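# Architecture and fold: a report
As a plain string of letters, each chain reads:
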Amino acid sequence: MIGYFRRVIVLKTIKQLEHISNFSELMESVEKTDLMKDRSVFDPEAVSSVIIHRKRELKHLISFFKDITQISCSVLIYGPPGTGKTTVTKYFGSYLEQYYQEKKSNREISHLPQLIFRYINCWSRSFYSVMTLLIQEFVPHFPSRGYSFDELLIFLIKILNEK
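Rules used throughout
- Residues numbered from 1 in each chain as written.
- Predicted model: local features only at pLDDT ≥ 70, side-chain atom pairs only at ≥ 80, totals over all residues.
- Heavy atoms only, no water.
- Axes fitted to C-alpha atoms, helices over the stretch in contact; angles between N-to-C directions.
- Helix = DSSP H or I, 4+ residues; strand = E, 2+ residues; numbered from the N terminus.
- Parallel < 35°, antiparallel > 145°, perpendicular 65-115°, else oblique.
- Left-handed = near helix turned anticlockwise from the far one by under 90°.
- Contact = heavy atoms within 4.5 Å.
- Nonpolar A, V, L, I, M, F, W, Y, C, P; charged D, E, K, R; others polar.
- Buried < 20%, exposed > 50% of the residue type's maximum accessible area, 1.4 Å probe, protein only.
- Phe/Tyr/Trp six-rings, centres within 6.5 Å; stacked < 30°, edge-to-face > 60°.
- Core = buried A, V, L, I, M, F, W, Y, C linked by side-chain atoms within 4.5 Å.
- Salt bridge = Lys/Arg side-chain N within 4 Å of Asp/Glu carboxyl O.
- Polar contact = N/O pair within 3.5 Å; in protein donor to acceptor, adjacent residues only side chain to side chain.

Okay, the packing of helix α5 (residues 127-138) against helix α6 (residues 149-162) next. The geometry of α5 relative to α6 is characterised by a closest axis approach of 10 Å and an angle of 30° between their N-to-C directions. It follows that α5 is roughly parallel to α6 by the angle criterion. For the crossing formed where α5 meets α6, the hand is left-handed. Residues Phe127, Tyr128, Met131, Thr132, Leu134, Ile135 and Phe138 of α5 pack against Phe149, Leu152, Leu153, Phe155, Leu156, Ile159 and Leu160 of α6. Along the lines of polarity and charge, the residues of the contact of α5 with α6 split into 13 nonpolar, 1 polar and no charged.

Relative to the assigned elements, serine 49 resides in the loop between α2 (23-33) and α3 (55-64). In this structure serine 49 comes out as exposed when scored by relative accessible area, which is 53%.

Applying the stated rule across the entire model yields 4 aromatic pairs. Ring geometry for tyrosine 91 versus tyrosine 95: centroids 4.7 Å apart, planes at 45°, classification tilted. Of this pair, tyrosine 91 and tyrosine 95 both sit in helix α4 (residues 85-105), 4 residues apart, which is roughly one turn of the helix. When its relative accessible area of 34% is taken as the criterion, tyrosine 95 is described as partly exposed. Between phenylalanine 142 and tyrosine 147 the ring centres are 4.9 Å apart and the planes differ by 20°, which places this aromatic pair in the stacked class. Members of the aromatic cluster, joined through ring pairs, are Phe142, Tyr147 and Phe155.

On to the nonpolar core, then. If you look at soluble globular proteins, the nonpolar side chains tend to sit buried side by side. Of all hydrophobic cores here, the largest spans 12 residues; its members are Ile51, Leu58, Leu61, Phe65, Val88, Tyr91, Phe92, Leu96, Tyr100, Ile109, Leu112 and Leu115. Going through the elements one at a time, α3 and α4 are the ones with two or more residues in this core. Counting residues per element, this core draws most heavily on α4, at 5 residues. Among residues more than four places away in sequence, those in contact with valine 88 are Arg54, Leu58 and Leu61.

Summed over all chains, the structure comprises 1 salt bridge. For glutamate 57, the salt bridge is made with arginine 56, and the minimal N-O distance between the two is 3.5 Å. Look at glutamate 57 and you get partly exposed, because its relative accessible area is 29%.

Residue position: lysine 85 is located in helix α4. Taking the C-alpha atoms as reference points, lysine 85 and glutamate 57, separated by 28 residues in sequence, lie 9.4 Å from one another. In contact with lysine 85, not counting residues within four places along its chain, are Ile77, Tyr78, Gly79 and Pro80. Reaching out from lysine 85, the side chain makes a polar contact with the backbone oxygen of glycine 79 at a distance of 3.1 Å.

Excluding glycine, most residues fall at negative phi; most peptide bonds, likewise, are trans. Positive phi, close to 60°, is recorded for histidine 53, a residue that is not glycine. Here histidine 53 lies in the loop between α2 and α3. Given a relative accessible area of 68%, histidine 53 falls into the exposed group.

Looking now at the packing of α3 against α4. Packing of α3 against α4 brings their axes to within 11 Å, and their N-to-C directions diverge by 50°. Taken together, the axes of α3 and α4 are oblique relative to one another. As α3 packs across α4, the resulting crossing turns out to be right-handed. On α4, the residues that touch Leu58, Leu61 and Ile62 of α3 are Val88, Tyr91 and Phe92. A breakdown of the residues in the contact of α3 with α4 according to their chemical character gives 6 nonpolar, no polar and no charged.

Rendered as structure tokens:
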């Protein structure tokens, strides 16, 4: 069905383009016939501002992090593919970080260190490469080879203590 719509759109666009003589007219014509209003929603790193049908899961996550002054827990999120695990995690993490910053700026928890949320997809990655990616979030040109796991851990702890 999608292929059919693509062909119809392409044929319609080709017929519209027959009278166009320069590149700027071509660009304007493509912009007018573009079906997508916001292509960013297809970005795998995009975080939606609204999550539907996941209120129960979000409440459950919030219950683990209820006391913002005691954030030191681990949560394992598992389930079949396509059920919203990544979406819920990114949504929750970005809003937890934002909420924490608001509380910190209101001086309610100003004595606590900065909360930093980072999402790293660990699928088919070794623990070593996950640690390296995490360090590269803070030190962009950090080499991906040449350190032992213990050195990576010490380096990451040092970075987090500085933050």
